[in-house]
Amino acid sequence: MRLPALFSVPGDALAGTAAAGARPDRRTLLAIGSSLCLYEAGMALNDWADRDVDAVERPHRPLPSGRIRPAAALTAACALTAAGLALAARAGRPALTVAAPLAATVWAYDLGVKHTPAGPVAMGAARGLDLLLGAAATTGRTARALPSAVLLGTHTVAVTTVSRQEARGGSPLAPLAALATTALLTRAVTRRPGEPASGPFPATALTPARTPAGSRTGRRHPADATAELLTAACAATYAATAARPYFHAALNPSPPLTQRAVGAGIRATIPLQAALTARSRGTAAALLITALAPLGAKFAKKVSVT
């Protein structure tokens, strides 16, 4: 079930809620619960679908080693999917409207799409939908959260592209592309309102969801300065977490360094979520997301994140 990776999930809903201009509430918690269930469903289903390949490439994993029966893994995937959809339904129809295609994307990815060129895009779409699930559950709307979903999904596409060669190694192009994407996303998240946009992301994807208080009068609210500093700190942490392992994997795209880069990319999801939340002035939620990072790192020492 890869417990360390679970700590990268709650930040999706919290970032989506902040981007939608709301504060977390009971429905946000239901969205987080739904996300956790669907994420773990994907983990179990992935190992069930890959059991024959893992028997050759990673025989130590639970299914090929015989510690878990394939039928049990498939049952867990079905039960967790049902639980995730049920929790989304409790949060309201808008949340279920997002959770249903999210679940479908997870199953489609694990059962075949991941072996096609569309695999990374499907995984990025799943992460973006997970962010939108938080916005839909809390506010019933998703439009204002779309820019944040695009940025988070782009990061996920980069990580997934690198992960496709983690078992056998491969070309340095994937980690180089991920390194460039990290730089572009860091720039995009920290861009100030009104600053001319540059690069591949549209202006709407770079603008915080909320208009800073006092912007009409030219005065800066103290909360704006705090949010800006926190955004910059989280974005710097994001870049620092991912950049070095990507660079090392580009220099030597061997399986160990590539796996380390993938793990770093997954861990970097948390500070990116915090940065997206902070730029929408969700300061408290951003700090909560940030607190999940050391917990994930602690468990990653005992259980592999990939």
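The residue numbering used here restarts from 1 in each chain and proceeds along that chain's sequence as written. Reporting of local features is limited, given that this is a predicted model, to residues whose pLDDT is at least 70; pairs of side-chain atoms are given and counted only at 80 or more, and all residues count toward the totals for whole chains, interfaces and linings. Neither water nor hydrogens contribute to the side-chain values; these are computed over all heavy atoms in the structure.

### Remarks on the packing of helix H3 (residues 26-49) against helix H5 (residues 70-91)
Fitting a line to C-alpha atoms yields each axis, with helices limited to the stretch in contact; the angle taken between N-to-C directions then spans 0 to 180 degrees. By the criteria applied, helices consist of DSSP H or I runs no shorter than four residues and strands consist of E runs no shorter than two, each listed in order from the N terminus. One way to put it is that H3 packs onto H5 with a least axis distance of 8 Å and a crossing angle of 160 degrees. If you check the angle between H3 and H5, you find them roughly antiparallel. As H3 runs across H5, the sense of the crossing is left-handed. For this classification, Asp, Glu, Lys and Arg are treated as charged, while Ala, Val, Leu, Ile, Met, Phe, Trp, Tyr, Cys and Pro are nonpolar and the rest, including Gly, are polar. The class makeup of the residues in the contact of H3 with H5 is 17 nonpolar, 4 polar and 3 charged. With respect to orientation, any angle under 35 degrees is reported as roughly parallel, any angle over 145 as roughly antiparallel, any angle of 65 to 115 as roughly perpendicular, and every other angle as oblique. Here is the rule for handedness: rotate from the far helix to the near one, and if that takes an anticlockwise turn smaller than a right angle the crossing is left-handed, while a clockwise turn gives right-handed.

### A word on the packing of aromatic side chains
Working definition: rings of Phe, Tyr and Trp (its six-membered ring) pair if their centres are within 6.5 Å, and the pair is stacked with planes under 30 degrees apart, edge-to-face with planes over 60 apart, and tilted otherwise. Following the criterion strictly, the structure yields 1 aromatic pair and no others. Note on Phe-7 and Phe-299: the rings are 5.7 Å apart at their centroids and 15 degrees apart in plane angle, and the pair reads as stacked. With a gap of 292 residues between them, Phe-7 in the loop between helix H1 (3-6) and helix H2 (10-19) and Phe-299 in helix H13 (residues 283-300) connect regions that are remote in the sequence. The cut-offs for exposure are 20% and 50% of the maximum accessible area for each residue type, with area from a 1.4 Å probe on protein chains only; residues under the lower value are buried, those over the upper are exposed, and the others partly exposed. The exposure class of Phe-7 is buried, given its relative accessible area of 14%. Distance and angle both matter: a charge sits over a ring if NZ of Lys or CZ of Arg is within 6 Å of the ring centre and within 35 degrees of the ring normal. Positioned above the aromatic ring of Trp-48, the side-chain terminus of Arg-51 is 4.6 Å from the ring centre.

### Description of the environment of Ala-227
One can find Ala-227 in helix H11 (residues 222-251). Taking the C-alpha atoms as reference points, Ala-227 and Ser-280, 53 residues apart in sequence, are found 7.8 Å from one another. Only heavy atoms enter the contact rule, under which two residues are in contact if any of them lie within 4.5 Å. Look past the residues within four positions of Ala-227 in its chain and what remains in contact with it is Ala-278, Arg-281 and Thr-283.

### With respect to the pattern of salt bridges
Each reported salt bridge corresponds to a side-chain nitrogen of Lys or Arg within 4 Å of a carboxyl oxygen of Asp or Glu. Counted according to the given criterion, the structure contains 7 salt bridges. Between Asp-47 and Arg-61 there is a salt bridge, and its shortest N-O distance comes to 3.7 Å. With Asp-47 in helix H3 and Arg-61 in the loop between helix H4 (51-57) and H5, this pair connects stretches of sequence that are 14 residues apart. Across this residue pair, the class does not change: Asp-47 and Arg-61 are buried. Arg-281 is the salt-bridge partner of Asp-224, the closest N and O atoms lying 3.3 Å from each other. Of this pair, Asp-224 sits in helix H11 while Arg-281 is found in the loop between helix H12 (255-279) and H13, placing the two residues 57 residues apart along the sequence. Exposure remark for Asp-224: the relative accessible area of 9% places this residue in the buried category. Here the salt bridges do not stand alone but share partners, grouping Arg-2, Asp-47, Asp-54 and Arg-61 into one network.

### Some points on the side chain of His-155
Among the structural elements, His-155 can be located in helix H8 (residues 146-163). Looking at His-155, the relative accessible area reads 1%, which means it is buried. Under the rule applied, a polar contact is a pair of N or O atoms within 3.5 Å (in protein, one hydrogen donor and one hydrogen acceptor; residues adjacent in sequence only if both atoms are side-chain atoms). Looking at His-155, its side chain comes within polar contact range of the side chain of Tyr-238, at 3.2 Å. Sequence-distant contacts of His-155, that is, excluding residues within four places in its chain, are made with Leu-185, Tyr-238, Tyr-246, Gly-265, Ala-268, Thr-269 and Leu-272.

### Description of H2
With 10 of 10 residues buried, H2 is to be regarded as a mostly interior element. All of the buried residues in H2 are Pro-10, Gly-11, Asp-12, Ala-13, Leu-14, Ala-15, Gly-16, Thr-17, Ala-18 and Ala-19. Two residues or fewer after H2 comes Gly-21, characterised by a positive phi angle close to 85 degrees.

### Brief notes about the nonpolar core
By size, the foremost hydrophobic cluster in this structure holds 61 residues, and its most contacted members are Leu-102, Leu-131, Leu-132, Leu-133, Val-162, Tyr-246 and Leu-276. For this core, the element with the most residues is H12, which contributes 10 residues. Apart from the residues within four sequence positions on either side, Leu-276 is in contact with Ala-15, Ser-148, Leu-151, Leu-152 and Val-189. To form a nonpolar core, buried Ala, Val, Leu, Ile, Met, Phe, Trp, Tyr and Cys residues must be joined to one another through side-chain atoms within 4.5 Å.

### Things to note about unusual backbone geometry
Although it is not a glycine, Arg-2 adopts a positive phi angle of roughly 55 degrees. Mapped onto the elements of the fold, Arg-2 is located in the segment before H1.

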